[in-house]
Structures are given as structure tokens and as C-alpha cells.
Amino acid sequence: MTREQLWQVLDPRWGDPRTLSALLCSSAAAIGLLKLLGRRQIQQKMKEARRTRDLALERMEKAAHRFKQENPGTQTAHILSLTMAELAEKLKEGSLSPESVLYTYMGQALEVTREVNCVIDFIHGCEDQLQKVKKQKEKGLLYGIPISIKDHINCKGHVSSGGMVKFLGQVKEEDSVIVQVLKSQGAIPFVKTNIPQTMINYDCSNPIFGQTLNPLNHQKSPGGSSGGEGALIAGGGSILGIGSDVAGSIRLPSSFCGLCGLKPTGERLSKLGVVSPITGMKSVTGMLGPMARDVDSLALCMKALLCEEMFQLDPTVPPLPFDEEVYTSSKPLRIGYYEGDGYFQPSPSMKRAVQQTRKLLQDAGHTLVPFAPPKIDYVVDELFTRGIFSDGAAHLVDCFKGDIVDPNLKSQFNTYRLPTLVKRILAILLKPIYPRIARDLNALCGVGSAKNLWDQHGAVAAYRTEFIAKWRKLRLDVVLCPMLGPAFNHGYAGKLFAATSYTNLYNVLNFPAGVVPVSTVTRADEEELKHYRGHYGDPWDNRLKEAVTGAVGLPVAVQCVALPWQEELCLRLMKEVETLTHGTKRRA
């Protein structure tokens, strides 16, 4: 039977080429029209979300303006100059009112977001919370402290967008556990802050609310995914924020914006009531944690959160109150350290920061011991990348159905959505030229089966045992190590996801890790950067060099690490580092 005869058997009209041509054209037109309508619908949803944000900020501005008019004598500059410990003390003794503090920070947050686009919602219930706080019989540890909350952490009556269209319109009916506990301790959550689309990125941009800038230098990224928090706190618009971290998302913006941030052990704080595009992924541990301008603020926040209220609301959180004795101890520490992880060569300022901090700690009477994390290539490629994308990035790619990919995420997304076979072929072809990129592509294929997933989980457990054994053999209390930085130029984070090697190691291990700014980039650092080659001399090394150029004067941080459940010891090292480096700055 000829093709023409077959057409006529199926439908006589199909035998006419003109009919077939018209049918194909109309089908193509219909598909095109559906795509256009779908895109318009997406854009309409995003437009509506922006309008809701603008109305919320208008409401916030009216409230702040009204208070200012009614209370012209408010010492705004004085309130903004106080540390959180000082502010908490003045609120508790009554020399400052919760109203004056809340509305002062509301006004400052508005100024900061006009400059850098970091606030995406006003938590209008904060005014009701203010009245409840004033009526509390017992003043909580965070009495009257205004707090900013990362976008994807649920707040009653508000949307947790995740930077994605699919979550828009889903107004949450109750607060996340962490927000409930903050409120019970007298805190006043007042704004939600911007994030990158999907949060699997450490810039801070999404198609709904746009790009957040670094308040210290607008040509630089604030980091991510808790980038809105980083920008707002660094700009002075918040004194304490809650972020989250699955690869460095608290630590990276803290580093880029010159803040202190703590990523606790995975289950130390409740994660109930949080939106995520990779729910169900267990190979790499994500968690919530605080960000602030100094270490004492982090410690006070942890002390407030680790209370009976949290243990009751979420029974999966172990009932371990904050150990003040460990945090305030002056006992000399045995500190392991390393200046580079072997996967990405540290930038000159990163390396210098560790070297200078190590000397300060040694001079202060602590014992410093060289320490090298074992098998770092294996950890980054096989445990982190293959773990977080154990499904071959299928869940993440599915999230983009009915969405527009943010330009800063396109490089990542285009790689993630490649068919597994194509990833494998590219990995084979690239292996002789760019072995590190080839290994990454191979890891992005995921595990392939349930059996392999079990094996992967077993491999993470085995590595953790090996790491702890090496730590114990050297009798270490804590570890000092580099923190990725300084702040990247815009557009580079999405092309350098593997550069999170310095932070993602401790998500794989599920160790508490914190960041402390210790210095700023010097002209000598910038000059030395010109000779940066990296360990592999591949496109990633070239990009890292480009990403951190032009950063003279910007903050440089170090990372402090402790064993699981030892947040207080991690904070103790952070406080020691902060005290010593700030003393050096004052003398300078």
C-alpha cells in the first residue's frame, strides 16, 4: 500500500496535500497560541505578585510615617546604632519601647529595599504581634526585637514563593514552627526577603521580584540563597534574620555582605513549615539558621529558639537547650585548619584571611593543627552533587513547568535538563580536557536506581565516619577554614555552583558551621589575583577569577566548624575569631 493510499483509507480528505498542509499549519498555530497564552498567564501571575508586594510596602511606609509623625522625638539613629544585645537590654529595662524599635527598622528597611530590592513582603501582622508582645506577662529573650524572614519560611497570611510562579497564590494558613517560637520569645517578624529562583543558586534573582543588589557594592551579588536577608541586614534594615542553608545559603551571603551567619546541625532547629523545590532529597542536609551583624546576636537567637516551645511544637527536634557554659568558656581550644580544599584554589584574600586568623588564634594561646579534609573531589562530585541531584535533577526541572527561567539560572537549568545520555556522552568527551567538569556532568546524572540511592546514603555515612575519625585522631575541638569570597560580580554564581565546595562539605557531613568577617580585600590581594590559575586551569577556574575581581574594600570571612550538635562550640570559636580580628582592626 502506497503512502497516498494509506492516507485515503484513514480519511479520504487526507489524500489532498493542501488539506494536510492546512492541518499541520493549524496544529502548529494552535500549539504556538497555547504557549503564548500560557506565557501571558505566567506573566500575569508575576505582575499580580509584584503589585501585591508594592501595596504591602505602601502599607508599611504609611505605618512607619504615621509613627514618625506622632513621635517626632524618636532616636532613630541611636536605635539603629545599637547591637542586638544592647537593644534587647534597653527593651527589657524599658528605656526603649518596642514601637520605637519596630517602626524605626520598618523605615530603615524601606530605605534599604529602595536601594537594593531585598524586601518582597511586609508581614502586616507585626502590628498585632507588637500589641501581644506588650501584654506578655514574661518578657521573652527576644522581647521587641524586629526580625526579617527568608521568603520560603511560612508566615501566616503570606505566600512563600520560592521565587517560583507555581507557589504564587498559596497563602499560608499558619506560621512555620520557627516563626511561632520567635513570636513566643517576644520577637516581631516584620518583613520577608528575596531569594533566587528555586534557591539552588547563590545569587539572588528571580523573574517575579527581580535582582537583589549587594548594599556594599551594587556591581556585586549579595550571595544566596538567603541573599535578601544578607542585603537587608548589611544595609541596616534588620538586626536579625532567619535564613536556610543546603549548600552554603546562609554562609555565602554572610560572607559576601560582611555578616555573621550560622548553619546549625540539621535537626537542631525545626524545619516544619518551609517550602522547598527538592522536598524528599535526603543525601545532603538543609537547615534553618540565624544571620546577624555579630556573633553574640546569633548566640542569643539560638538560646531563644532552643526552648521548650520548639521541642513541644516539633518533637523531632532533640530537646537540647543552649549550653551557655560552652559558649562563654575561656578554655584554650585545639583548632584544626586548612587554607584550601584542593577542589577550588582559594582567592588570595580567602587564603590570607585564614593565615592571619590562624596567627591571631595561636598568639592568643590556642593550639593550631594542620588538617586536610579527606577525598574532597569525591565528596563534592559523588556525595554532594550526585546526592543533591540523585534524581538526575528531575524534581528541579519539573518545578519549571509553567514558569520562566531566570537569566541567572539559565546556565544551571540548561545543564540540568539535558537527557542523561547526553550528560554521559559529554562527560566522556570532556574527561581528557576538563576532568573536573566531566566528573560534575557525570554526577548530575544522579544515582539511577533505588539500590544505588541506598548505596549513596551508605557512602555519605561512611565518609562522615572517616572524617570524624581523622578529627578525633588529631584531638581537635573545632576547625578553621576558608569561606568562599569576596562577593561575586553579577551573573557568575549560576555558572559556578561547584565553587560551593568550601561550604557544601559541611552540608554533606551535617556539621554546624558559621561565618565571621575578619578582613577586607586589599589592593595587594587584587594584584595577586591577576596571577590566579586555579588547580585545573579549566573554564571554572577562569570564571572564579573573573567573579571576584574588583572587590577592594569588600569583606572577607573565615568559616568555623564543630562536630554535630556542638553549635555552642562553633559559636565559641566564632566569638574568639571576632574578638581577636576586631581588636586588630581597632589597633590598625
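What counts, and where the lines are drawn
- Residues numbered from 1 in each chain as written.
- Predicted model: local features only at pLDDT ≥ 70, side-chain atom pairs only at ≥ 80, totals over all residues.
- Heavy atoms only, no water.
- Helix = DSSP H or I, 4+ residues; strand = E, 2+ residues; numbered from the N terminus.
- Buried < 20%, exposed > 50% of the residue type's maximum accessible area, 1.4 Å probe, protein only.
- Areas by Shrake-Rupley, 256 points an atom, 1.4 Å probe, with all protein chains shown as cover.
- Lys, Arg positive; Asp, Glu negative; His and termini not counted.
- Charge placed at Lys NZ, Arg CZ, Asp CG, Glu CD.
- Polar contact = N/O pair within 3.5 Å; in protein donor to acceptor, adjacent residues only side chain to side chain.
- Contact = heavy atoms within 4.5 Å.
- Patch = residues over 30% accessible without salt bridge, like charges linked within 9 Å, V, L, I, M, F, W, Y side chains within 5 Å.
- Salt bridge = Lys/Arg side-chain N within 4 Å of Asp/Glu carboxyl O.
- Core = buried A, V, L, I, M, F, W, Y, C linked by side-chain atoms within 4.5 Å.
- Pairing = 2+ DSSP bridges.
- Axes fitted to C-alpha atoms, helices over the stretch in contact; angles between N-to-C directions.
- Parallel < 35°, antiparallel > 145°, perpendicular 65-115°, else oblique.
- Left-handed = near helix turned anticlockwise from the far one by under 90°.
- Nonpolar A, V, L, I, M, F, W, Y, C, P; charged D, E, K, R; others polar.
- Right-handed = clockwise from strand over helix to strand, strands pointing away.
- Expected span 1.5 Å × (residues − 1).
- Phe/Tyr/Trp six-rings, centres within 6.5 Å; stacked < 30°, edge-to-face > 60°.
- Lys NZ or Arg CZ within 6 Å of the ring centre and 35° of its normal.

**Structural notes on the overall build of the chain**
Looking only at helices and strands, the chain has 23 helices and 13 strands in total. If you line up the chain on its principal axes, its C-alpha atoms span 95 × 60 × 50 Å. Counting over 588 residues, the chain shows a buried share of 55%. If you sum the accessible surface of the chain, you get close to 24500 Å²; carbon and sulfur atoms cover 55% of it. Averaging the locations of the 70 positively and 59 negatively charged side chains of the chain gives two centres separated by 3 Å.

**Some words on the side chain of Asn510**
By the secondary structure assignment, Asn510 is in the loop between helix H20 (501-509) and strand S12 (513-520). On the basis of relative accessibility, which here comes to 16%, the residue Asn510 falls in the buried class. A distance of 2.7 Å separates a polar side-chain atom of Asn510 from the backbone nitrogen of Gly266. Setting aside anything within four residues of it in sequence, one finds Asn510 in contact with Lys263, Thr265, Gly266, Thr285, Met287, Arg464 and Pro564.

**So, a nonpolar patch on the surface**
Judged by side-chain polarity, Leu421, Val422, Ile425, Leu426 and Leu429 come together as a nonpolar surface patch covering roughly 430 Å² of accessible area. The topology assignment puts Leu429 in helix H17 (residues 420-430). By relative accessible area, Leu429 is classed as exposed at 56%.

**Side note on the nonpolar core**
Within the largest apolar cluster, 157 residues are counted, with the highest numbers of intra-cluster contacts made by Leu87, Met106, Tyr202, Phe488, Tyr506 and Leu571. It is helix H5 (residues 98-116) that provides the largest number of residues to this core, a total of 9 residues. The contacts of Phe488, once residues within four sequence positions are left out, are Tyr202, Gln219, Lys220, Ser221, Phe256, Ala493, Leu496, Leu544, Ala547 and Val548.

**Regarding the sheet that holds strand S10 (residues 367-370)**
The 11 strands lie next to each other as S1-S3-S2-S6-S8-S7-S12-S13-S11-S9-S10, forming an open sheet whose pairing is mixed. Both edges of this open sheet fall to strand S1 (119-122) and S10, since each of them pairs with a single strand only. Between one strand axis and the next, the sheet turns by 30 degrees as a mean value, whatever way the strands run. Contacts from H5 reach S1, strand S2 (146-150) and strand S3 (188-193), with the element oriented near 10 degrees to S3.

**Observations concerning unusual backbone geometry**
Cis geometry marks the peptide bond from Gly224 to Ser225, where omega comes out at 10 degrees. Note that Ser225 resides in the loop between strand S5 (210-211) and helix H8 (227-234). Omega for the peptide link from Gly485 to Pro486 comes to 0 degrees, which places this bond in the cis form. Inspection of the secondary structure puts Pro486 in the loop between strand S11 (478-482) and H20. Non-glycine residue Arg475 carries a positive phi angle of around 55 degrees. Its location among the elements puts Arg475 in the loop between helix H19 (450-473) and S11. Using a relative accessible area of 56% as the deciding quantity, one classes Arg475 as exposed. Residues other than glycine seldom take positive phi values, yet Asn510 does so here, at roughly 60 degrees.

**Thoughts on the side chain of Asp525**
Along the chain, Asp525 turns up in helix H21 (residues 523-529). Setting aside chain neighbours within four positions, we find Asp525 in contact with Pro348, Ser349, Arg352 and Thr520.

**Re the pattern of salt bridges**
For the coordinates displayed, the defined rule picks out 25 salt bridges. Put simply, Asp245 and Arg251 hold a salt bridge, and the shortest N to O gap is 2.9 Å. The same class applies to Asp245 as to Arg251, namely buried. Salt bridges linked by common partners bring Arg268, Glu567 and Glu568 together as one network.

**Considering the packing of helix H14 (residues 376-388) against H19**
In contact at an axis separation of 10 Å, H14 and H19 are set at 140 degrees when each is read in the N-to-C sense. As far as their axial angle goes, H19 and H14 are oblique. H19 is crossed by H14, and the crossing has left-handed handedness. Contacts between H14 and H19 involve Tyr378, Val379, Glu382, Leu383, Arg386 and Gly387 from the first element and Gln456, Ala459, Val460 and Tyr463 from the second. Residues that form the contact of H14 with H19 fall into these classes: 6 nonpolar, 2 polar and 2 charged.

**Remarks on the pairing of S3**
In terms of burial, S3 is largely enclosed, as 6 of its 6 residues are buried. Here S1 runs beside S3; their pairing, made up of 3 bridges, is antiparallel. From the neighbouring strand, Asp121 faces S3, where its bridge partner is Lys192. Regarding topology, helix H7 (residues 177-184) serves as the crossover connection from S2 to the parallel S3, and that connection is right-handed.

**Focus on the pairing of strand S7 (residues 260-263)**
Burial along S7 is two-sided: the face carrying Cys260 and Leu262 and the face carrying Gly261 and Lys263 are both buried. For S7 and S12, the ladder comprises 3 bridges, and the chain directions are antiparallel. Paired with Lys263 across the bridge in S12 is Ala513.

**Some points on the packing of H14 against H20**
Between H14 and H20, the shortest axis-to-axis distance is 10 Å and the interhelical angle comes to 65 degrees. With respect to H20, the axis of H14 lies roughly perpendicular. For the pair H14 and H20, the crossing hand works out as left-handed. Here Ile376, Val379, Val380, Leu383 and Phe384 of H14 lie close against H20, whose contacting residues are Ser501, Asn504, Leu505 and Val508. For the contact of H14 with H20, the class distribution of residues is 7 nonpolar, 2 polar and no charged.

**Some thoughts on H5**
Across its 19 residues, H5 extends 26 Å between first and last C-alpha, which sits within 8% of the 27 Å expected from 1.5 Å per residue. Of all 19 residues in H5, 15 are buried, a share of seventy percent or more. Within two residues after H5, Asn117 carries a phi angle of roughly 60 degrees, on the positive side.

**Description of the packing of aromatic side chains**
Here the structure, examined in full by the defined rule, presents 18 aromatic pairs. Taking 5.4 Å as the distance between ring centres and 75 degrees as the angle between the ring planes, the aromatic pair formed by Phe371 and Phe467 counts as edge-to-face. Here the residue Phe371 occupies a position in the loop between S10 and H14, and Phe467 occupies one in helix H19, the gap between them amounting to 96 residues. Three or more aromatic residues link up through ring pairs in this structure, and these residues are Phe371, Tyr463, Phe467, Trp471, Tyr506 and Phe511. Just above the ring of Tyr337 sits the side chain of Arg358; from NZ or CZ to the centre is 5.3 Å. The ring of Phe371 carries Lys470 above its face, with NZ or CZ at 5.6 Å from the centroid.

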